[in-house]
Amino acid sequence: MWRQVWPSVALAVLAFGVSAGSAPAVTLNLDTDDPPEGQSDFQNTAPGFPPDIGFLENGDRAVAGDFGITFENVETPPNDPQPPGGGVDEDGIFFGRTGDLEVVSVDLIFDVPTVILSYDIDFVGDAVAFEAEFFDNRSSFQLSGPNGTSGQNFFDTEGDFSFDMGTIPFFAPGVAYTLTHTVPDFGAGLAGFDFITQIDEFEVTAVPLPMPAAMLLTGLALLGWRARRG
């Protein structure tokens, strides 16, 4: 896999390092409302599920201008009826563990070197909010990949929040960053909207890498690729 990935990472980093300036923030929508570019992928329906529910499936994309995220390895709870992917509606992607629509984990693959500035939570289930308020058990999500792990990004209340990048300097293109979360698992018998939280948007920006840094990253990527090839 890395033999295929790292050359494309190297070229993308080099090209972006040469061309990127001070880039403005861009909103990547993760819902089914008025899809400008990529969100039409989320609007597919399935028999047996509400008609206003779309699905996040492997290969689906969220796109805005030069920015894009491809979603792979979508994992949902193993309950019946098994959905074609994770649930999405006008409030965003469902994250949880107890039903059959919630996403347990998913890989995000970025098109260009990217920093997530903030995220928007449009819906929080009563049980998630109750756990946070009365038991101080705050649900959060993290992204982890080959160059680090984000901080805990809480999503137990609605609103716009700054994203904690943690040890990740930027999300490199062409490699998978796995999103996991800590929404409690109370079992299928208590499944439902109470145990989900929904991410509606990511606010992102480009990484204006200076030429020396871009060349260094490119060299490291190619060295890693050659080592694995050997």
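Small disclaimer: the values here were computed from a predicted structure and weren't measured. (Residues numbered from 1 in each chain as written. Predicted model: local features only at pLDDT ≥ 70, side-chain atom pairs only at ≥ 80, totals over all residues. Heavy atoms only, no water.)

## Thoughts on the overall build of the protein
From N to C terminus, the protein includes three helices and 14 strands. Going through the 230 residues of the protein one by one, you find that 48% of them count as buried. Expressed as a percentage of contacts within the protein between residues at least 6 apart in sequence, the contacts between residues at least 24 apart total 72%. Surface accessibility of the protein: about 10600 Å² in total, with carbon and sulfur atoms responsible for 54%. (Helix = DSSP H or I, 4+ residues; strand = E, 2+ residues; numbered from the N terminus. Buried < 20%, exposed > 50% of the residue type's maximum accessible area, 1.4 Å probe, protein only. Contact = heavy atoms within 4.5 Å. Areas by Shrake-Rupley, 256 points an atom, 1.4 Å probe, with all protein chains shown as cover.)

## Section: the environment of Thr32
Among the structural elements, Thr32 can be located in the loop between strand 1 (26-29) and strand 2 (54-56). Of the residues examined, Thr32 reaches a relative accessible area of 14% and is grouped as buried. Here the alpha-carbon distance between Thr32 and Asp89, two residues 57 residues apart in the chain, equals 5.3 Å. Beyond its immediate stretch of four places on either side in the chain, Thr32 contacts Phe42, Gln43, Val88, Asp89 and Glu90. Separated by 3.3 Å, the side chain of Thr32 and the backbone nitrogen of Glu90 make a polar contact. (Polar contact = N/O pair within 3.5 Å; in protein donor to acceptor, adjacent residues only side chain to side chain.)

## A short note on the nonpolar core
Counting residues in hydrophobic clusters, the biggest one holds 42 residues, and the most contacted among them are Leu56, Phe71, Val106, Leu108, Ile116, Phe171 and Phe202. Sorting the residues of this core by element identifies strand 3 (61-64), strand 4 (67-75), strand 6 (92-96), strand 7 (105-110), strand 8 (114-124), strand 9 (140-145), strand 13 (176-181) and strand 14 (196-206) as the ones contributing at least two each. Examining the composition of this core, we find that five residues originate from one element, strand 8, more than from any other. Ignoring any residue separated from it by four or fewer positions in sequence, one finds Val106 in contact with Leu56, Phe71, Glu72, Asn73, Val74, Phe95, Tyr177, Thr178 and Leu179. In this structure, Ala46, Phe49, Ile53 and Phe94 belong to the second largest nonpolar core, which totals seven residues. (Core = buried A, V, L, I, M, F, W, Y, C linked by side-chain atoms within 4.5 Å.)

## Remarks on the side chain of Thr114
Tracing the chain through its elements places Thr114 in strand 8. Of note is the side chain of Thr114, whose polar atom sits 2.6 Å from the backbone oxygen of Val112. Setting aside residues up to four positions removed in sequence, Thr114 forms contacts with Phe67, Met165, Phe170, Phe171, Val204, Thr205 and Val207.

## Structural notes on the pairing of strand 7
Judged by how many residues are buried, strand 7 sits mostly within the fold: five of six residues are covered. Bridge count between strand 4 and strand 7: five bridges; the pairing is antiparallel. The residue bridging Glu75 from the neighbouring strand is Ser105, located in strand 7. (Pairing = 2+ DSSP bridges.)

## Quick word on the packing of aromatic side chains
Scanning the model with the defined rule gives 14 aromatic pairs in all. Aromatic pair Phe42 and Phe71: ring centres 6.0 Å apart, planes at 70°, arrangement edge-to-face. Of this pair, Phe42 sits in the loop between strand 1 and strand 2 while Phe71 sits in strand 4, and the two are 29 residues apart along the sequence. Owing to a relative accessible area of 0%, Phe42 belongs among the buried residues under this scheme. Ring centres 5.1 Å apart and planes at 45° place the aromatic pair Phe141 and Phe155 in the tilted group. Within this pair, whereas Phe141 is found in strand 9, its partner Phe155 is found in the loop between strand 11 (153-154) and strand 12 (159-162), the two being separated by 14 residues in sequence. Residue Phe141 is classed as buried on the basis of its relative accessible area, which comes to 1%. Put simply, the rings of Phe95, Phe110, Tyr119, Phe141, Phe155, Phe161, Phe163, Phe171 and Tyr177 pair up and form one aromatic cluster. A cation over an aromatic ring shows up here: Arg138 above the ring of Phe154, its NZ or CZ 4.0 Å from the ring centre. (Phe/Tyr/Trp six-rings, centres within 6.5 Å; stacked < 30°, edge-to-face > 60°. Lys NZ or Arg CZ within 6 Å of the ring centre and 35° of its normal.)

## Side note on the confidence of the model for the protein
Here the protein averages 82 in pLDDT, and 75% of its residues register 70 or above. Confidence drops under pLDDT 50 across residues 9-21; counting only partners more than four residues distant or on other chains, this segment forms 29 contacts. (pLDDT = per-residue confidence, 0-100.)

## Considering helix 2 (residues 126-135)
The periodicity of an α-helix, 3.6 residues per turn, causes residues three or four places apart in sequence to face the same way. For helix 2, the set of buried residues is Ala127, Val128, Glu131 and Ala132. Take helix 2 and look down its axis: the buried residues cluster within an arc of 140°, on one side only. Exposed side of helix 2, more than 90 degrees from the buried face: Asp126, Glu133 and Phe134 are the residues found there. Of the surrounding secondary structure, the elements contacted by the buried residues of helix 2 are strand 8 and strand 14. (Arc of directions from axis to C-beta.)

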